Each structure stands twice: as C-alpha cells, then as structure tokens.
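Each chain, letter by letter, is given below.
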Amino acid sequence: MSQDIYFEDVTEGMEIPIIEKNPTTQQLVKYAGASGDFYQIHYDMEYAKNNGLPGVILHGALKNAFLGQLITDWIGPTGKLKKLEVQYKGMDLPGAPVFAKGIVSKINDNNTVNCDIWLETDNGEKTTVGKAVVQLPTK
Amino acid sequence: MSKSSIPESLTNSIGTESIKMSNDIEKGAIRRFAEAIEDNNPVYTDEEYAKNLGYRNVITPPTFLRSVQTNPLPEHIKSPYSAVVDGGSVWEYFEPVCAGDKISTVLKFEQVFEREGRLGNMIFLIKITKYTNQLEELVATQATTSITYEPKKED
C-alpha cells in the first residue's frame, strides 16, 4: 500500500511504481470463477491449441485488473480513479512474469492527472496499453 | 466506396438496449475477485478499514463490475463472423460500489464499423454497460470493443 499522494507532488513524466505479477494457470482458473468468464482458451490447453493459440492465455480483463491495481496502489486510499482505458495488443501466457508500468502524461487544472499505462513482458513487449485519469487530493 | 460487410440489420440496431438486470453485490464475491487478481488492498476485504475511509462497506476493485451480469441484447445483434477477440475496455467511474449495493445494469449496442487488417475483414462491435446503484446514481460505465473475423481454414 502506498502513502497518500497529493496533486501538488505530481509532475509530468513521473513514473508510477511498477507492479510485478506472476500469473499461473491456477490464477486463470480462479479469475474465470470470480469473473464468470469461462471461455475455454483461458484454461483448456487442448481447446486453446485447436484455436491456433500457443497455449492457454491470460484473460484480457485480468490484465485490465492488473493495470487497475497499478493505479490504485499508486494513488492510495484518498485518490480517485476516474477513467481506465485498455487496449489489448498481444497475448500473455501463464508462467511468465508481467510488469504493470505507467507515467504521468499530463497535469490538468481540476486536480486530475492523465497517465499512460501499459503491461510489459520480460523482454519489453507491450502486450496491453492504456490510459488512466485520476483525481488527487490537494494539500 | 466498396460494399460493406456489415449487415443492415446490425446497423439498424445501433442504440438498442438490453432489459435492465438487478445484481446484489456480495462481500464474498468481492473477496474472491480480489484474491483472483491477487490484489491484497484491505479496502476490498476489511470492513472496518473501508468504513474508516468513509465507505458504506468494503468496496469493489476497479474491474469487478466485469463480473456483474447484464441481460443479453436481442439475438440478431451479433457479427456475421464466428471468431471474436476482446479488443479492450474503457471504464469511467463516478461513485464507489460497495458490498450490499444493488447494481442495475443496462447493456447498449453503441457502434459498429469495419476495418481491413491482418485477420482479413474485421467487424468491430462497441457495447456500453451502464451501472446504476440502489440510490439511482450512475456509478460506472464500461465500453467494450469486440473484434470479430472469419478464421481462415487451414488445408
């Protein structure tokens, strides 16, 4: 959990603390159950391979959740997430780490800031990209 | 201008909404969701902690509403193509969602367009879910993009 972060402390280009996730097939099954998304490409290896995939792949929405946590961990309990936008660019497979990253892209005058956010693999490929808008408390 | 692959019945259905559905937001479901995404923020599981922050109860992680159901759109609102991939989401948040809330959902068919790409002709369907709580407050919206295409047959 992070400390409170104030609007005045934020500058353009500032990096958001990275979070690392290590998704496993077990996590995909838990996410399927918790979210109600039972598309078989996320837990049935044979089904995934018959659909031309290298194996079971992460749910896009799980990657969306990782990017949500990137922001909520950063802004802490007093900041507010106003907008969260993600686009899926590539597949991620369980068993490999993913890193949620972001930078502050713009400071607005209504105590909100825009961020560019993305999910990156071990070799630097951005498999999910997006944007977030957060509202921060003032001093 | 080349001929569109989008059926007219689809274009004519833009703006169609699903029948409203009411969902109970359960504390246990929030806990399981937070566990599944491996986010151990106590605001999702510790009622006292959440109440000290001024919430009615534990709140939901930003993408939790993904697990909240909607009624389907009429059956004819679907792509003529059989394969679908999730293109992404745009969430907007207005009010917190807490355990014990009743969230009504309405799914709206917002837009359809096509593009040529590496999967051939692709039809994009954009749908928006509106989430409203028991106080009649709009709490969030989620726009999702489904990318549909016809898989190439392998010989």
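Because the structure is a prediction, the values reported are computed rather than measured. (Residues numbered from 1 in each chain as written. Chains lettered and ligands numbered in written order. Predicted model: local features only at pLDDT ≥ 70, side-chain atom pairs only at ≥ 80, totals over all residues.)

Enquirer: Help me out: how do you make sense of the interface of chain B and chain A in this one?
Expert: Interfaces are often sized by the amount of accessible area the parts lose when they come together. The interface of chain B with chain A comprises 23 residues on the first partner and 25 residues on the second. Broken down by element, the side of chain B that touches chain A gets its largest block of residues, eight residues, from strand β2 (residues 83-93) of chain B. Broken down by class, the residue content of the side of chain B that touches chain A amounts to 10 nonpolar, six polar and seven charged. Judged from the five bridges that link them, strand β2 (residues 80-88) of chain A and β2 of chain B form a sheet pairing that is antiparallel. The partner of L84 of chain A across the bridge, within β2 of chain B, is W91 of chain B. (Contact = placed C-beta atoms within 7 Å. Helix = DSSP H or I, 4+ residues; strand = E, 2+ residues; numbered from the N terminus. Nonpolar A, V, L, I, M, F, W, Y, C, P; charged D, E, K, R; others polar. Pairing = 2+ DSSP bridges.)

Enquirer: I would appreciate a short explanation of the confidence of the model for chain B in the present structure.
Expert: Keep in mind that low pLDDT regions are not for reading the predicted coordinates in detail. Model confidence for chain B is summarised by a mean pLDDT of 94, while 97% of its residues fall at 70 or above. Under the prediction, the complex receives an ipTM of 0.96, its pTM being 0.94. (pLDDT = per-residue confidence, 0-100.)

Enquirer: What am I meant to see in helix α3 (residues 60-75) of chain A here?
Expert: Across its 16 residues, α3 of chain A extends 23 Å between first and last C-alpha, which sits within 8% of the 22 Å expected from 1.5 Å per residue. Two residues or fewer past α3 of chain A, G76 of chain A is found with a positive phi of approximately 70°. (Expected span 1.5 Å × (residues − 1).)

Enquirer: Hey, could you run me through helix α2 (residues 27-36) of chain B in this one?
Expert: For an α-helix, 3.6 residues make a turn, and residues three or four places apart therefore share a direction. When α2 of chain B is considered as a whole, its buried residues turn out to be I30, F33, A34 and A36 of chain B. One side of α2 of chain B holds all its buried residues, which, seen down the axis, span an arc of 160°. The inward-facing, buried residues of α2 of chain B abut α1 (25-35) of chain A. (Buried ≥ 20, exposed ≤ 12 C-beta atoms within 10 Å, placed from the backbone. Arc of directions from axis to C-beta.)

Enquirer: So what exactly am I meant to see when it comes to the environment of V113 of chain A here?
Expert: Residue placement: V113 of chain A occurs in strand β4 (residues 112-121). Residues within four places of V113 of chain A in sequence aside, it is in contact with V10, V104, K106, I107, N108, V134 and L136 of chain A.

Enquirer: Help me understand the environment of K21 of chain A, please; the structure alone is not making it clear to me.
Expert: Within the secondary structure, K21 of chain A is located in strand β1 (residues 15-21). Owing to 21 C-beta atoms within 10 Å, K21 of chain A belongs among the buried residues under this scheme. Sequence spacing of K21 of chain A and A100 of chain A is 79 residues, and the spatial spacing of their C-alpha atoms is 7.9 Å. Among all residues touching K21 of chain A, those that are not within four sequence positions of it are F66, P97, V98 and A100 of chain A together with E38 of chain B.

Enquirer: How do you make sense of the packing of α1 of chain A against α2 of chain B when you look at a structure like this?
Expert: How two helices sit against one another is set out by the angle between their axes and by the gap between those axes. Where α1 of chain A contacts α2 of chain B, the two axes come as close as 8 Å, and the packing angle between them is 155°. As summarised for this structure, α1 of chain A and α2 of chain B are arranged roughly antiparallel, according to the angle between their axes. Crossing of α1 of chain A over α2 of chain B shows left-handed handedness. Side by side, α1 of chain A and α2 of chain B meet where Q27, K30, Y31, A34 and S35 of chain A of the first sit next to R32, F33, E35 and A36 of chain B of the second. A per-class count over the contact of α1 of chain A with α2 of chain B returns four nonpolar, two polar and three charged. (Axes fitted to C-alpha atoms, helices over the stretch in contact; angles between N-to-C directions. Parallel < 35°, antiparallel > 145°, perpendicular 65-115°, else oblique. Left-handed = near helix turned anticlockwise from the far one by under 90°.)

Enquirer: It is not clear to me how the sheet that holds strand β5 (residues 138-149) of chain B should be interpreted in this structure. Could you clarify?
Expert: What links the strands of a sheet is backbone hydrogen bonding, and the strands pair in either a parallel or an antiparallel sense. The strand order across the open sheet formed by 10 strands is β1(A)-β3(A)-β4(A)-β5(A)-β2(A)-β2(B)-β5(B)-β4(B)-β3(B)-β1(B), and the pairing between neighbours is antiparallel. A strand with exactly one partner marks an edge of an open sheet, and here the two such strands are β1 of chain A together with β1 (21-24) of chain B. Across this sheet, the average inter-strand angle for adjacent strands is 25°, counted without regard to direction. Sheet analysis places strand β3 (residues 102-117) of chain B next to strand β4 (residues 120-132) of chain B, joined by 13 bridges and oriented antiparallel. Bridged to K108 of chain B within β4 of chain B is I128 of chain B. Along the sheet, α3 of chain A makes contact with β1, β2, β3 (98-107), β4 and β5 (126-135) of chain A together with β2 of chain B, crossing β2 of chain A at roughly 145°.

Enquirer: Explanation requested: the environment of I59 of chain B in the structure shown.
Expert: All names here are of chain B. As for its position among the elements, I59 is in the loop between α3 (47-52) and β2. C-beta crowding within 10 Å serves as the criterion here: with 20 such atoms nearby, I59 is assigned to the buried category. Considering only alpha carbons, one finds I59 and Y44, 15 residues apart in sequence, at a separation of 5.3 Å. Leaving out residues up to four positions away in the same chain, I59 has contacts with V43, Y44, A50, P96, V97 and C98.

Enquirer: I would appreciate a short explanation of the nonpolar core in the present structure.
Expert: Nonpolar side chains in soluble globular proteins tend to end up buried together. Core analysis: the largest hydrophobic core is formed by 54 residues, its most contacted members being F66, L67, L70 and I71 of chain A together with V58 of chain B. The element contributing the most residues to this core is α3 of chain A, with nine residues. (Core = buried A, V, L, I, M, F, W, Y, C linked by C-beta atoms within 7 Å.)

Enquirer: Please explain the pairing of β4 of chain B as it appears in this structure.
Expert: A regular strand places its side chains on the two faces of the sheet in alternate fashion. Residue and element names in this part refer to chain B. In this structure, the hairpin formed by β3 and β4 is closed by a connection of two residues. Bridge count between β4 and β5: 10 bridges; the pairing is antiparallel. In the sheet register, I128 faces β5, and the bridge partner there is A143. Taking the residues that link successive antiparallel strands as the turn, the β4-β5 hairpin has five residues, and the phi of E136 there is positive, at about 65°.

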